[in-house]
Amino acid sequence: MGVNPAIPPTKQLTNPHQLNDIGFRVILIPFCGIAIPLISRLIPHQQLSLLEVKMSYLYTIGIAFIVWQGNRYLLFTLRSYFNWFNHPMRKIGALLLVIPFYTVPISVLLLTGWYHIFLDGNINWSTVMETTLIILLAVVFIVHVYETVFLVKESESEMLLNAQLQRARAEAELEALRNQIDPHFVFNSLNTLSHLIDSSPKKARLFNDNLAEVYRYILQNKNSDLVLLREEFNFLRNYFSLLEIRFGNALQLETSIDDSALDSFLLPPISLQLLMENAIKHNEFSRQHPLLVRIEKSGDAIIFSNDTTKLRMDRTSNGIGLKNLSERYRIITSKNIEINDAAGYFTVKLPLLMMH
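Residues numbered from 1 in each chain as written. Predicted model: local features only at pLDDT ≥ 70, side-chain atom pairs only at ≥ 80, totals over all residues. Heavy atoms only, no water.

Attention shifts here to the overall build of the protein. Counting secondary structure elements, the protein contains 8 helices and 8 strands. When contacts within the protein are restricted to residue pairs at least 6 apart in sequence, long-range pairs at least 24 apart make up 77% of them. Of the roughly 20,000 Å² of accessible surface on the protein, 59% is carried by carbon and sulfur atoms. (Helix = DSSP H or I, 4+ residues; strand = E, 2+ residues; numbered from the N terminus. Contact = heavy atoms within 4.5 Å. Areas by Shrake-Rupley, 256 points an atom, 1.4 Å probe, with all protein chains shown as cover.)

Rendered as structure tokens:
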């Protein structure tokens, strides 16, 4: 009965505005623009004036900005075509191809430009190559950091999406189970009323009046996940009064629940009624051999039990009753009901939830 909505693919962060890395760039771009020239000894401080040194570092910060922003754009663009999960080797190949082919030419071009501006074109190619290599290594490291952040965010998004889908499935399943309660109850009630109209018109009228009260409870609580045990127990008594009109002493009910517990525990609505209906549907009983139903509280659970007799051959089950109840319990409470169908005895244990 589960609903199987199509699972949308995880959205990738292809838009740079989707990743808030402004602080990251504000700090690291100037840092790289200063640290890399210091490491490679690109700027000869002794040959330049203080102003030229300051302007040189501004220039190298500009190089860092251009290299960073260009690679950042390429990285986001590649994410719209390649995915780590689906095509990891293609992604690695694309990164190894695109990043160096952008970083190396741009770095060499801008570094030689610095030599033309500040050292009259006297280019030290060894220093240019060393600086370019350091820039490339820094880019590879930063790309790795970006990809790690992407993977973490995608993992979080995937977990959130799965949780939302599971909740949507549970809500859809629960709604379908709720919708089954109405026709199931109406079908059996109309059968009973039809029987009484022929056999006892007065009882039929009384049954019809009581049926309206019972059905009011169903309408009020069909969309509720949980109700107080007292409300459910009172509803069962009203429902049992309908059964007494038809069956008389052939059906008996024994209860053993402390009054203090009725306002302390919760359970899914229309649970006890479904069990009562199931007991009547699948057992032979008469005034000489009545069907005795027992309801008691044991710990944090309700025990519903009845003696079993030979099933009537002319009755067939549509599978809604206990399966419906079991599924609703699983979805609403994350707990399972326990069913024991031993020889001559049938028991269902319904877990209760404590009121907070």
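An α-helix turns once every 3.6 residues. As a result, residues three or four positions apart point the same way. Taking 1.5 Å per residue as the helical rise, helix 8 (residues 321-333) with its 13 residues ought to reach 18 Å, and the 18 Å between its terminal C-alpha atoms agrees with that figure. Buried residues of helix 8: Gly321, Asn324, Leu325, Arg328, Tyr329, Ile331, Ile332 and Thr333, and no others. A positive backbone phi angle near 60° is found at serine 334, which sits one or two residues after helix 8. (Expected span 1.5 Å × (residues − 1). Buried < 20%, exposed > 50% of the residue type's maximum accessible area, 1.4 Å probe, protein only.)

One open sheet accounts for 3 strands, arranged 1-3-8; its pairing is antiparallel. Each edge of the open sheet is held by one strand with a lone partner, namely strand 1 (227-228) and strand 8 (353-354). With 2 bridges connecting them, strand 1 and strand 3 (residues 265-267) associate as antiparallel partners. Counted as the bridge partner of valine 227 is leucine 267 from strand 3. (Pairing = 2+ DSSP bridges.)

Our next topic: helix 5 (residues 201-221). Over its 21 residues, helix 5 extends 30 Å from the first C-alpha to the last, a length consistent with the 30 Å expected when each residue adds 1.5 Å. For helix 5, every residue scored as buried is listed here: Ala204, Phe207, Leu211, Val214, Tyr217, Ile218 and Asn221. The buried residues of helix 5 occupy an angular sector of 125° when projected down its axis, which confines them to one face. The exposed residues of helix 5 that point more than 90 degrees off its buried face are Lys202, Arg205, Leu219 and Gln220. (Arc of directions from axis to C-beta.)

Counting across every chain of the model gives 6 salt bridges. Residues aspartate 21 and arginine 25 are paired through a salt bridge, measuring 3.2 Å at the closest nitrogen-oxygen approach. In this structure, arginine 330 engages glutamate 327 in a salt bridge whose closest nitrogen and oxygen atoms are separated by 2.6 Å. In this pair, arginine 330 and glutamate 327 are both assigned in helix 8, 3 residues apart and thus about one turn of the helix distant. Looking at arginine 330, the relative accessible area reads 36%, which means it is partly exposed. Since its relative accessible area comes to 26%, glutamate 327 is described here as partly exposed. (Salt bridge = Lys/Arg side-chain N within 4 Å of Asp/Glu carboxyl O.)

Turning our attention to a nonpolar patch on the surface. Judged by side-chain polarity, Ile22, Val26 and Ile27 come together as a nonpolar surface patch covering roughly 320 Å² of accessible area. Assignment of secondary structure puts isoleucine 22 in helix 1 (residues 22-40). Residue isoleucine 22 is classed as exposed on the basis of its relative accessible area of 51%. (Patch = residues over 30% accessible without salt bridge, like charges linked within 9 Å, V, L, I, M, F, W, Y side chains within 5 Å.)

Turning to the side chain of glutamate 232, a few remarks are in order. Tracing the sequence through the fold places glutamate 232 in helix 6 (residues 229-247). Buried within the structure, glutamate 232 lacks any salt-bridge partner; arginine 328 is the closest side chain of opposite charge, at an N-O distance of 6.6 Å. Side-chain polar atoms of glutamate 232 contact the side chain of tyrosine 217, separated by 2.7 Å. Of note is the side chain of glutamate 232, whose polar atom sits 2.9 Å from the backbone nitrogen of isoleucine 270. With near-sequence residues (within four places) excluded, glutamate 232 lies in contact with Tyr217, Val227, Leu267, Pro268, Pro269, Ile270, Ser271, Leu272 and Gln273. (Lys, Arg positive; Asp, Glu negative; His and termini not counted. Polar contact = N/O pair within 3.5 Å; in protein donor to acceptor, adjacent residues only side chain to side chain.)

What follows covers the nonpolar core. Residues Met276 and Leu350 are the most contacted members of the largest nonpolar core, which totals 46 residues. Here this core takes 10 residues from helix 6, the largest share from any one element. Not counting residues up to four positions away in its chain, the partners in contact with leucine 350 are Leu267, Ser271, Leu272, Leu275, Asp300, Ala301, Ile302, Leu325, Tyr329 and Ile337. Residues Ala64, Trp114, Val128 and Ile135 belong to the second largest nonpolar core, which totals 34 residues. (Core = buried A, V, L, I, M, F, W, Y, C linked by side-chain atoms within 4.5 Å.)

Let us look at empty space enclosed by the protein. Gaps left between atoms are located by rolling a probe of water-molecule size over the structure's atoms. The final tally for this structure, using the stated rule, is 1 cavity of 30 Å³ or more. Lining the largest cavity are 20 residues, and of these Ala64, Val67, Trp68, Ile135 and Val139 sit closest to its centre. Looking at which element gives the most residues to the lining of the largest cavity, the answer is helix 2 (residues 50-79), with 8 residues. When the residues that make up the lining of the largest cavity are grouped by side-chain class, the tally is 15 nonpolar, 4 polar and 1 charged. (1 Å grid on protein atoms, 1.4 Å probe; cavity = no way out; pocket = protein on both sides within 12 Å on 5 of 7 lines; lining within 4 Å. Points joined across faces, edges and corners; volume = space filled by probe spheres on them. Nonpolar A, V, L, I, M, F, W, Y, C, P; charged D, E, K, R; others polar.)

Strand pairing in a sheet relies on backbone hydrogen bonds. The paired strands run either parallel or antiparallel. Strand order in the open sheet formed by 5 strands is 2-4-5-7-6, with mixed pairing between adjacent strands. Edge strands, defined here as strands with exactly one partner in the open sheet, are strand 2 (251-256) and strand 6 (338-342). With direction set aside, neighbouring strand axes in the sheet form an average angle of 15°. Alignment of strand 5 (residues 301-307) against strand 7 (residues 345-351), held across 7 bridges, turns out to be antiparallel. If you follow isoleucine 302 over to strand 7, its bridge partner there is leucine 350. Against the sheet, helix 6 makes contact with strand 2, strand 4 (291-297) and strand 5, and its axis sits at roughly 160° relative to strand 2, the strand it touches most. (Axes fitted to C-alpha atoms, helices over the stretch in contact; angles between N-to-C directions.)

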